[in-house]
Amino acid sequence: MNLKRFGVPAAIAVTAALALSSCASNEGGAAAPEESASTLAGNLVGAGASSQDAAQQSWIAGFQTANPDVTIDYDPSGSGAGRETFLSGASDFAGSDRAFKDEELAAGGFQKCAPDSTIVELPLYISPIAVIFNLEGVDSLDLDAATVAGIFAGKITKWNDPAIAATNPDATLPDLAITPVHRSDDSGTTENFTEYLGAAAADVWTWEADGVWPFEGGEAAQGTSGLVDAVTNGNGTIGYADASRAGDLGTVAIKVGDEFVPYSPEAAAAIVDASPFAEGRAEGDLAIEIDRTSEEAGVYPIVLVSYLIACGEYAESDNVELVKSYLSYLASPEGQETAATDAGSAPISDTLREKVTAAIDSIK
Amino acid sequence: MTLQTMNPAPETGTPIANSLTAGRLPTSAPWVILGTAIAVSASVFGVVAVGAGSGFDWGGALVVGAILYIPAIWLFSRLVEGARRATDRLVTALVTGAFLLAMIPLVSLSITVVTFGLARFDADFFSMSMRNVTGEGGGALHAIIGTLLMTGAAAIISIPIGLMTSIYLVEYGRGKLARGVTFLVDVMTGIPSIVAGLFAYSLFAIFWGPGTRTGIAGAVALALLMIPVVVRSSEEMLRLVPNELREAAYALGVPKWLTIVKVVLPTSIAGITTGIMLSIARVIGETAPLLIAAGFTASMNYNLFDGRMQSLPVFVYTQYANQGNPAEAFLDRAWAAALTLILIVMALNLIARLVARLFAPKLGR
Amino acid sequence: MTSAPAPIKAKLRVGDLVFSRSAVFAGSMILVTLAAVALFLIVQSIPALSATKEDASILETNFWEYVGPLVFGTVWAAALALLIALPISIGIALFISHYAPRRLASVLGYVVDLLAAVPSVVFGLWGIGVLAPAVVPVYTWLNENLGWIPLFSGTVSATGRTILTAALVLAVMVLPIMTAICREVFLQTPVLHEEAALALGATRWEMIRVAVLPFGRSGIISASVLGLGRALGETMAVAMVLSAAHVVTFDLLTSVNPTTIAANIALSFPEAYALNVNVLIATGLILFVVTFAVNAFARWIISRRKEFSGAN
């Protein structure tokens, strides 16, 4: 009885004392790699898009391993919050699913940057958005933009609808209601997806591109994880999510030109190369206007381009070297490859890398 | 079984009708009726299952059986024992039913958390942070430390304020200020947790510049949420202390403050401790305010006043919401962290109960 | 020496003074804190109250039309949750305090308290992964057989993530805090009252009705208020479980459900910028006001039944 009475608190006290007095075993402190030629030290803070988070974690891990005296924190608080944080000068760089708008740039007021400094926006995280579905016995479907738009607009309500059957003669489509699932939160994924639907199927999808689902209807779920869960737990559900999270769910190949293109990192990188940069931007501001209706062979038009945003010229020069070398690491083939492994993103092409590197070099 | 304490067992074999036991259902009656109800429901479900060609639904059969039992016991008792006893039996069945009903989500939740949580409930999980970890491996030591420090700080801020406020309200409070405070505590229970986080974040941003995210800011946000719960529950417990005890103390010449410390508080200590533990449990699982006020980091941080601090709920949320590759590793970590959090609260609860038992006066009940 | 004995005066003790002053100080601290929070909310909200679609992109027309459905959803979800949780929590509390064997009772009480320890994120995960799929057949049955009741009409959600599921999760979340308070209050019922009732030949239920429940009434209301406060303000679990839309509907089983203010803040805040942030904080202010109104109502009920409080 006594043992029982005092044993538990005692055990907890011992555990707590152990935990509080010991360091995390993976944080060896000064035990740096042998050939640590790095002289970089300091603390960088970034905030923004949660879509980048998995990639950021792997970039941070890679960069911190090479530079043991550096600590980088990335807050996956959301694109909007990330841009606000960067604007207020609370972070050194931002991650955002969209570039700053022209009027926001004109308004200026970037606290971390030198007065009159431009900002640098780098499309370093490119990720295909997969249209995922959960339908027994069907692993992939070929659909054109109008059909996808019809399904999400609630106009095509059964899986055996002629519009779906027409492009999928071999699939056994059941007489089952389609439950389209969309994001309930404001998100860059939704904005890119609705932008695609609006551009590629303008007569079916009459809403403007927006981070918030534009009408009330269909099932809604929070975040990529919530959406994937909803699609997985339902029957006859369809949704859209970052391709790395498609898992075992069925995916849709999208009609581009005359062929159906399944999502792939290469096809996603290809559409970015086939798209023009936004006009009227400062040098180093690499905002891209994705050409959703491109008919080039082998491009996958539903992609999310997430930017890393930094100052063209920082007000204080303390962290400039750190920002530059971190961004350079992100743009390097090695950095892009790490993100591809850990987050399923599409590595940027060499042509884009050249422009990005030039932009990073211009930071002061 | 508990009915035995109330109803004397019928004396079997007595030829003369005993006025005390006549018109009573035998003690075994509820069990027989329950068994019959479940058997009836099971056979109906069985027929349906055979008819539809689907599997037998055990859960459904038990639930329907239990529901059938309630009118059945009432009916039998009404016929044999009369209206008053029938109502009594009906309420007993309903109360027990309510308890069993509440056990369903609890059991389901525990099973879910434990089965998923055990996958990563290993030594690494308690000795590593997430610094430089991608994919598999890593641990939540930084989050455990952060949770303990921030919740501890929140408790240090809010327990004295909350307890003293409730003492003020019950023992001293008269007039406008007391009514004002009662009113404001009510308002405070209505602070949405996310607003508390925003407030704490803005408050610290004013003094330490924008973007300041520290453990103490998180603690302040938690304290905001914790104080009203502490006040409300302790106020309720203090009010229950019979006035006779206070008057007896005053009559013996004990000063008011000593009466409160030595008589009122010890009498209500068990209830107050429960209230405080509930308030801690209420805030220790908060995600939204900590995400905003204390931020997010993958590294260890022991200093409440400098730098971002990770906590277990935020860890669970970020691991779930921002899964990388492979996704299972992230989910496993999330569930293991959830299990850890529940175990921490369990431990705190146990300690609090021991403390309460040590201080509580020996009562007859 | 013929002077009359001096009138007895209570001695002014230092301890008393310190103690009462610090109690007053603690009370005033709450005043100050709340003033600060209220000030913060109001200052941040003012620009949003008159905002239009041009200023803030999340508004359809103006702020009040934006917040209307949210207020409805908040109150509706919390009311449903309370409707489910209140009878059950009173039942559990009675079971633990008056029905279960004493030895078992403390263990059971502890087990229920444990539910309070489960973080809301975990409730969210459990709601999506376990509860929502499990209730789909029940919802389908309700819709097919009781569809003539407006509440159960409409097309049943294929994933079960409806407002009723969210209310169930909320109910489970508020159960522990409500049960704990009810239980403590029921346990404090004067034994003499209970024994007197039993001695007069009351059955156990009659004893509870005449002795325990009247004594515990203010505690039950307190418990409801705390539970309601939590249900109204719950953020993450609702955001994760509910299939949310910006509508007013009483349908319990469809995919299109009204959402709550707190969940909406959590969903929209990460991507909010410029005036949208103020709009969301202003909805927070409205939530504040709604909760307060509910609380004031409960206070008013309690104040009518003061005689059962031991300290009065």
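Residues numbered from 1 in each chain as written. Chains lettered and ligands numbered in written order. Predicted model: local features only at pLDDT ≥ 70, side-chain atom pairs only at ≥ 80, totals over all residues. Heavy atoms only, no water.

S.K.: Describe in detail the interface of chain A and chain C, supporting the description with residues and values.
M.R.: Contact residues are listed per partner, giving 28 residues for chain A and 25 residues for chain C. Each partner contributes to the roughly 2,000 Å² buried at the junction of chain A and chain C, and carbon and sulfur atoms together form 49% of this total. Between Glu-219 of chain A and Arg-161 of chain C there is a salt bridge; the shortest N-O distance is 2.9 Å. At the junction of chain A with chain C, the criterion picks out four residue pairs in polar contact (both at pLDDT 80 or more). Put simply, the parts of the chain that give the side of chain A that touches chain C at least two residues each are α3 (79-87), β7 (219-221) and α8 (223-233) of chain A. (Contact = heavy atoms within 4.5 Å. Buried area = accessible area lost by both parts, 1.4 Å probe. Salt bridge = Lys/Arg side-chain N within 4 Å of Asp/Glu carboxyl O. Polar contact = N/O pair within 3.5 Å; in protein donor to acceptor, adjacent residues only side chain to side chain. Helix = DSSP H or I, 4+ residues; strand = E, 2+ residues; numbered from the N terminus.)

S.K.: Can you explain the domain arrangement of chain B? Please cite residues and give values.
M.R.: All names here are of chain B. Here chain B is partitioned into domain 1 (26-119) and domain 2 (125-359). The straight-line distance from the C-alpha centre of domain 1 to that of domain 2 is 38 Å. On the domain 2 side, the residues contacting the seven residues of domain 1 number six residues. Both faces considered, domain 1 and domain 2 share a buried interface measuring about 530 Å² in area, 83% of it formed by carbon and sulfur atoms. Between the two partners, domain 1 and domain 2, sit zero salt bridges. Linking domain 1 to domain 2 there are zero residue pairs in polar contact (both at pLDDT 80 or more). Here the side of domain 1 that touches domain 2 is built from residues that sort into five nonpolar, two polar and no charged. (Domains from an automatic or database assignment. Nonpolar A, V, L, I, M, F, W, Y, C, P; charged D, E, K, R; others polar.)

S.K.: Kindly report on the domain arrangement of chain A, identifying the contributing residues and their values.
M.R.: Residue and element names in this part refer to chain A. The domain architecture assigned to chain A consists of domain 1 (14-127 + 272-289 + 305-361) and domain 2 (129-266). A separation of 31 Å is found between the C-alpha centroids of domain 1 and domain 2. Contact residues are listed per partner, giving ten residues for domain 1 and eight residues for domain 2. With both chains or domains summed, domain 1 and domain 2 bury close to 570 Å², and 40% of this area falls on carbon and sulfur atoms. Put simply, domain 1 and domain 2 have zero salt bridges between them.

S.K.: Pulling in residues and values, what's your account of the packing of helix α2 (residues 53-66) of chain A against helix α10 (residues 320-331) of chain A?
M.R.: Residue and element names in this part refer to chain A. The N-to-C vectors of α2 and α10 enclose an angle of 115°; their axes lie 10 Å apart at closest approach. The interaxial crossing formed by α2 with α10 has right-handed handedness. From α2, Gln-56, Trp-59, Ile-60, Gly-62 and Phe-63 reach across to α10, where they touch Leu-322, Ser-325, Tyr-326, Tyr-329 and Leu-330. When the residues that make up the contact of α2 with α10 are grouped by side-chain class, the tally is seven nonpolar, three polar and no charged. (Axes fitted to C-alpha atoms, helices over the stretch in contact; angles between N-to-C directions. Left-handed = near helix turned anticlockwise from the far one by under 90°.)

S.K.: Kindly report on empty space enclosed by the protein, identifying the contributing residues and their values.
M.R.: On inspection of all chains with the given rule, the structure shows nine cavities of 30 Å³ or more. One number sums up the size of the largest cavity: a volume of about 140 Å³. What lines the largest cavity is a set of 16 residues, among which Gln-57 of chain A together with Met-130, Phe-296, Gln-319 and Phe-330 of chain B lie closest to the centre. Elements represented by at least two residues in the lining of the largest cavity include exactly α2 of chain A together with α13 (312-321) and α14 (327-359) of chain B. If you tally residues by element for the lining of the largest cavity, the top one is α13 of chain B, at three residues. Across the lining of the largest cavity, the residue classes break down as six nonpolar, eight polar and two charged. (1 Å grid on protein atoms, 1.4 Å probe; cavity = no way out; pocket = protein on both sides within 12 Å on 5 of 7 lines; lining within 4 Å. Points joined across faces, edges and corners; volume = space filled by probe spheres on them.)

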